[in-house]
Amino acid sequence: MKSLRVWLTVLLCGVLWISVSSCSGASPDYISTSKTRNIHLIVKMNKGDYWNTLKLGAEAAAKEFNVNLTFKAPDSESDIEEQVVMVEESIKEKADVIILAASSYMGLAQVVDQAAYSRIPVISVDAEVGSAKVRTYVGSNGYEAGQKSAERLIELLGGFGEIGIINFTNSSLTPDSGKSGSIDYGARDADEREKGFLNYAARFPNVKVVQIAYTSSSTSDAESLTREMLNKYPQLRGIATLNEIASQGAARVIQGLKRDSVKMIAFDSSPSMMESLQDGTVQATVIQNPFSNGYLAVKYAVEALEGMDIPERVDTGTKLIDLENMLWPENQKLLFPFVR
Amino acid sequence: MNKPKGYFFPLRPGPGKSGRLRLSSKLRSIQLIITLTFMAVTAAVAVIVSVMLYGKFANTAEENANLNMQQIIEQVNYNLELYVKGMGSIFATAEKQITSTPSIDSPLLYERMDTLMSSREDLVSVAVFTPQGQYVVGTPGQTMRMNTGLESQSWFTTAKRTSEISYSAPHIQNLFKGRYTWVVSISKLIQYRENGELRTGVLLLDFNFRTIDELSKQVKLGKRGYAYILDPLGNIVYHPQQQLIYAGLKYENVEPVLEYAYRSYLDESTGEKRFITVRTLAQTGWKIVGVAYYDEIVTTKRDLNQFLAWFLGVVLVCVIAVSVFLSWLIASPIRKLERTVKQVAEGDLNTPINVSGAYEVEQLSRRFNMMLQRIRQLMEQIIYEQETKRKGELEVLQSQINPHFLYNTLNSVIRLAERGKTDEVVTMIQSLSRFFRISLSKGKNIITIQEELDHIRHYLVIQSFRFKNKFRYEITAQEEVLQYQTIKLILQPIVENALYHGIEMLPDEGLISITAGLQDGLIIIKVSDNGLGMSKDTVNGILSGSVKSTSGSGVGVRNVHERIGLYYGREYGLAFESELEEGTVVTIVFPARPAGEAMDEQKEETNL
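Note that the coordinates shown come from a computational prediction; the quantities given were computed from them, not determined experimentally.

Caption draft 1: Seen up close, the overall build of chain B. The helix and strand inventory of chain B stands at 16 helices and 18 strands. Taking all 608 residues of chain B together, 46% fall into the buried category. Long-range contacts, defined here as pairs at least 24 residues apart, represent 64% of the contacts in chain B between residues at least 6 apart.

Caption draft 2: Quick peek at the sheet that holds strand E4 (residues 122-125) of chain A. Residues and elements named next belong to chain A. Spatially, the six strands line up as an open sheet ordered E2-E1-E3-E4-E5-E11, and their pairing is parallel. Every interior strand has two partners, whereas the edge strands, strand E2 (67-72) and strand E11 (313-315), have only one. Looking at each pair of strands side by side, their axes are set apart by 15 degrees on average, direction ignored. Note: strand E1 (residues 37-42) against strand E3 (residues 97-100), four bridges, orientation parallel.

Caption draft 3: Expanded view of helix H7 (residues 219-232) of chain A. Relative to the 20 Å expected for 14 residues at 1.5 Å per residue, H7 of chain A spans 20 Å between its end C-alpha atoms, a close match to the ideal helical length. Taken together, the buried residues of H7 of chain A touch strand E6 (161-168), strand E7 (207-215), strand E8 (236-241) and helix H8 (244-257) of chain A.

Caption draft 4: Representation of the pattern of salt bridges within the structure. All names here are of chain A. The tally for this structure, following the rule as stated, stands at 25 salt bridges over all chains. The shortest N-O distance in the salt bridge between lysine 299 and glutamate 303 comes to 3.9 Å. Placement of the pair is lysine 299 and glutamate 303 together in helix H10 (residues 290-305), with a separation of four residues, close to one helical turn. Through salt bridges with shared partners, one network takes in Lys44, Asp189 and Arg193.

Caption draft 5: Expanded view of the packing of helix H12 (residues 449-466) of chain B against helix H13 (residues 491-503) of chain B. All names here are of chain B. Two elements in contact, H12 and H13, have axes separated by 10 Å at closest approach and are oriented at 25 degrees. When the axis of H12 is compared with that of H13, the two are roughly parallel. Of the two elements, H12 crosses H13, and the hand of that crossing is right-handed. Across the interface between the two elements, Glu452, Leu453, His455, Ile456, Tyr459, Leu460, Gln463 and Arg466 of H12 pack against Leu491, Gln492, Val495, Glu496, Leu499 and Tyr500 of H13. Across the contact of H12 with H13, the residue classes break down as eight nonpolar, three polar and three charged.

Caption draft 6: The confidence of the model for chain B, seen in detail. Residues and elements named next belong to chain B. Confidence along chain B averages 80 in pLDDT terms, with 89% of residues attaining 70 or more. Below a pLDDT of 50 lies the segment residues 1-21, which in the model reaches nine contacts outside its immediate sequence neighbourhood of four places, other chains included. Low pLDDT, under 50, characterises residues 599-608; the stretch is placed with 16 contacts to residues that sit more than four places away or in other chains. We note a pTM of 0.62 for the whole complex and an ipTM of 0.77 for its interfaces.

Caption draft 7: Expanded view of a nonpolar patch on the surface. Residues and elements named next belong to chain B. On the surface, a nonpolar cluster with roughly 670 Å² of combined accessible area is contributed by Ile30, Phe38, Val322, Phe325, Leu326, Trp328, Leu329 and Ile330. The set of elements that each furnish at least two residues to the nonpolar patch consists of helix H2 (30-100) and helix H9 (299-345). With six residues, H9 is the single largest residue contributor to the nonpolar patch. Mapped onto the fold, phenylalanine 325 is located in helix H9. Since its relative accessible area comes to 48%, phenylalanine 325 is described here as partly exposed.

Caption draft 8: Spotlight on a positive patch on the surface. Residue and element names in this part refer to chain B. Taken together, the side chains of Arg335, Lys336, Arg339 and Lys342 make up a positively charged region of the molecular surface. Inspection of the secondary structure assignment puts arginine 335 in helix H9. You can call arginine 335 partly exposed: its relative accessible area is 33%.

Caption draft 9: Quick look at the packing of aromatic side chains. One pass over the full model with this rule turns up 17 aromatic pairs over all chains. With centroids separated by 5.8 Å and ring planes inclined at 75 degrees, the aromatic side chains of phenylalanine 467 of chain B and tyrosine 500 of chain B adopt a geometry described as edge-to-face. Separated by 33 residues along the polypeptide, phenylalanine 467 of chain B in the loop between H12 and strand E13 (471-477) and tyrosine 500 of chain B in helix H13 bring together distant segments of the chain. For phenylalanine 467 of chain B, a relative accessible area of 11% translates into the label buried. Among the aromatic residues, those joined into a ring-pair cluster are Phe129, Tyr135, Trp155, Phe156 and Phe176 of chain B. Lysine 55 of chain A extends its terminal NZ or CZ atom over the ring of phenylalanine 71 of chain A, reaching a point 4.6 Å from the ring centre. Between the NZ or CZ atom of arginine 237 of chain A and the centre of the ring of phenylalanine 160 of chain A, over which it lies, the distance is 4.1 Å.

About the thresholds
- Throughout, residues of each chain are indexed from 1 in the direction in which the sequence is written.
- Chains carry letters from A onward and ligands carry numbers from 1 onward, assigned in written order.
- It should be noted that, the model being predicted, local features are given only for residues of pLDDT at least 70 and side-chain atom pairs only at 80 or more, the latter also being counted only at that level, while totals for whole chains, interfaces and linings use all residues.
- In computing side-chain properties, one takes all heavy atoms of the structure into account and sets aside hydrogens as well as water.
- To qualify as a helix, a DSSP run of H or I must reach at least 4 residues; to qualify as a strand, a run of E must reach at least 2; elements of each kind are numbered from the N terminus.
- Burial status follows relative accessibility: with a 1.4 Å probe on protein chains alone, a residue under 20% of its type maximum counts as buried, one over 50% as exposed, and anything between as partly exposed.
- Here a residue-residue contact requires only that any non-hydrogen atoms of the pair lie within 4.5 Å.
- Should DSSP find at least two bridges between two strands, the strands are taken to pair.
- Only the stretch in contact is used when a helix axis is fitted, and all axes are lines through C-alpha atoms; the angle between N-to-C directions ranges over 0 to 180 degrees.
- Helix span, as expected, comes to 1.5 Å for every residue beyond the first.
- Salt bridges are defined as contacts in which a side-chain nitrogen from Lys or Arg sits within 4 Å of a carboxyl oxygen from Asp or Glu.
- An angle below 35 degrees is treated as roughly parallel, one above 145 as roughly antiparallel, one from 65 to 115 as roughly perpendicular, and anything else as oblique.
- Here is the rule for handedness: rotate from the far helix to the near one, and if that takes an anticlockwise turn smaller than a right angle the crossing is left-handed, while a clockwise turn gives right-handed.
- For this classification, Asp, Glu, Lys and Arg are treated as charged, while Ala, Val, Leu, Ile, Met, Phe, Trp, Tyr, Cys and Pro are nonpolar and the rest, including Gly, are polar.
- pLDDT measures how confident the predictor is about each residue, on a scale from 0 to 100.
- Residues enter patches when they are more than 30% accessible in relative terms and free of salt bridges; like-charged ones are connected within 9 Å and nonpolar ones (Val, Leu, Ile, Met, Phe, Trp, Tyr) within 5 Å.
- The accessible surface values rely on the Shrake-Rupley method and a 1.4 Å probe; as for residues, cover is taken only from the protein chains in view.
- Here Asp and Glu are counted as negative and Lys and Arg as positive; His is not counted, and neither are the chain ends.
- Charge coordinates come from a single atom per side chain, which is NZ of Lys, CZ of Arg, CG of Asp or CD of Glu.
- Only Phe, Tyr and Trp rings take part, Trp by its six-membered ring, and two of them pair if their centres are within 6.5 Å. Stacked means planes under 30 degrees apart, edge-to-face means over 60, and tilted covers everything else.
- Either the NZ atom of lysine or the CZ atom of arginine qualifies as a charge over a ring when it sits within 6 Å of the ring centre and within 35 degrees of the ring normal.

Below is the structure:
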């Protein structure tokens, strides 16, 4: 009787194993969408076309990969404290991943380390943060973008003249007169762009960067900075603006002045900037891929959660857009988010 | 019957063989065989049926999914055709209104065009341009931007090139101030009047994607499946993830799509298996492409799989339960039968076999019982026959006693007569006559103890003449013993033995003493002599037959022992006690049975 039972058990197990194993195939190599993930996206500011487009990209990915996306942003790009508080909140809320566009390279380093300590992966998007714990950076190469901007502007100026730069950073902590040598609280992308621009411009002895102004995150602030600059340097032949807000402010001032003598290279591709490009106020603009940045950040966040290997750095590229190439179909696709 | 009791049946296997035999007999047990066979057959059938069903169902499911998808795409295609046709008719309406208006700048035309605009949500703008790209009229009233690059835009160039209505690929509408919107443009060369003059111009209608989007949203191809629209050049007109495709984050393998107008195929270019269904719109040449994920289509397959796995599991469990029960049902009576038969084989022929269960087993048990009964009968018969035969032999032996003895006695009588001892002759003859009368006993084999004692007395009288009074004898018996029965002629061989072997060689006078008594329902007769006695070996040899008497009647005491055993049972018979130089005592023991009580008398008579 005993041997009979053993036989039966063996046989039964065998048959069951065969029937079960025939049902379950190998697991797919794409992301499983069967479970919901909580991903917190914290960017620099809650307004502006750039961040909206980034959010659109993130939302597209969230929809695709079944992500519950929590979007957070302070009112202003310079509000580092607020951003730190938001990251802390996300840690408390036990986000699965935090995607961060850091307003300050060093200012958010500590809180990112904290997140990593709480075993929450952090992915930085657009702007890097000074922490080794960041899983990956998704965004453009700021230095390269700065160089592209400088190259075109100097070309437009014929290789000589005074240039003013309007950059963005945490103006409340860093004085206008440049780096004080103490802790750098600026945003990494702003620094990189500026560095790229200055390094390129340095090759031209006749090109002189007369001023670098830092705007906080409002168009009106950028406008007044531009006016001041134009008043202060009447010989100014070129302006480079290194983010969307600064570009919009400066473009408005230049358009109002009807001063065709001032060439301007803008940054980012808001519809109003396209308008300025088309009417000739702005000669060119350096664009990034905010949609891709948002989408890829969320996608890699999910992949990181899935335990897949993700690249250490994802360069989504920059491009210089002028009147001539703005209507090329492939550029249309980059410049204007497809809104139905 | 000195053969072993299990004679009729095979002997049990020896200990050396039993180990191997037990293992293989386990494997060959009916229950196991039935269970395994039943299970194997049922499992095989279930698996085969499942596989066939699975194949069939899976195919059908796949075909259905495919068909379903094609129908959905067909439906979308149809709706889209309707939509495109609608756009065409709006374009025709606009054209007609413009051509029929005497002057292009009349307020009436504006009004009509505004009405047209408001009738369609997805109509973004209507405008007329000169072939040189100058803006003539449009609604809503907009100011044009500078640097539009209009002359090089595809809708403009195509319209100028052909007289047909043309549909553009999606592009950004950059002509008018306000917003940049993604539109599809319909354009054609038209005739219009300006201040009475007939002129040629390009009419442009821009549609946004609202309606197309809504149409496409209706497409439900599983959870992840979708439909997209491609223009004849391979530009994506509409895609649910258009922005992702534009941003280069998604990829759609459009090359095989472009090759065919009407087709369904399996695509693996993205690493995932996807079903692609292509249909083409008549007016625009747009292709509507349905994409369904294979793994979603095969969810039915997976469900089926799971169901079949469960089904198989349940079937197997049931089969096991049923087969175990069934085999038990069949095997247990057989096992019981086997056990009983084994008991029988071990010698217990009286074991009753009453096994209930299957009809065959019951019959088998009944037949076996009958067989057993028959065996018992036959065995009894054999025993009986054997005994009878033996008895017969003994009778013959017994009958040999008399002629020999008669011969000796008559010799003695002759000698006495020659010597003239008339009285002694008379006594001799008298005793002889009495002796023979008892010997004959009318042919009876059973006589009373009285008669037997008389018989031996006469014998002793005759022998005392022969041995010339070399011995004395005394016969004592309890009064009540005399009427009990005994086999006749049991004492004569013993006494003869005592005379010839014990007393004949004795220098002194011998003494033979016979006593008969009753004790505990047993007759005990003792014959003792004071003769030479026997050695232990001789004593032991007598009953086993190894010591043969060389003189006398030739009928040994062993025969007496055997006869008593045959008639009364093996436990009865003779017992010897003997000492050399001292004498011998022979004790006869058998059950006391009153005279007249027949015991095998009938059979005895018929057989003799």
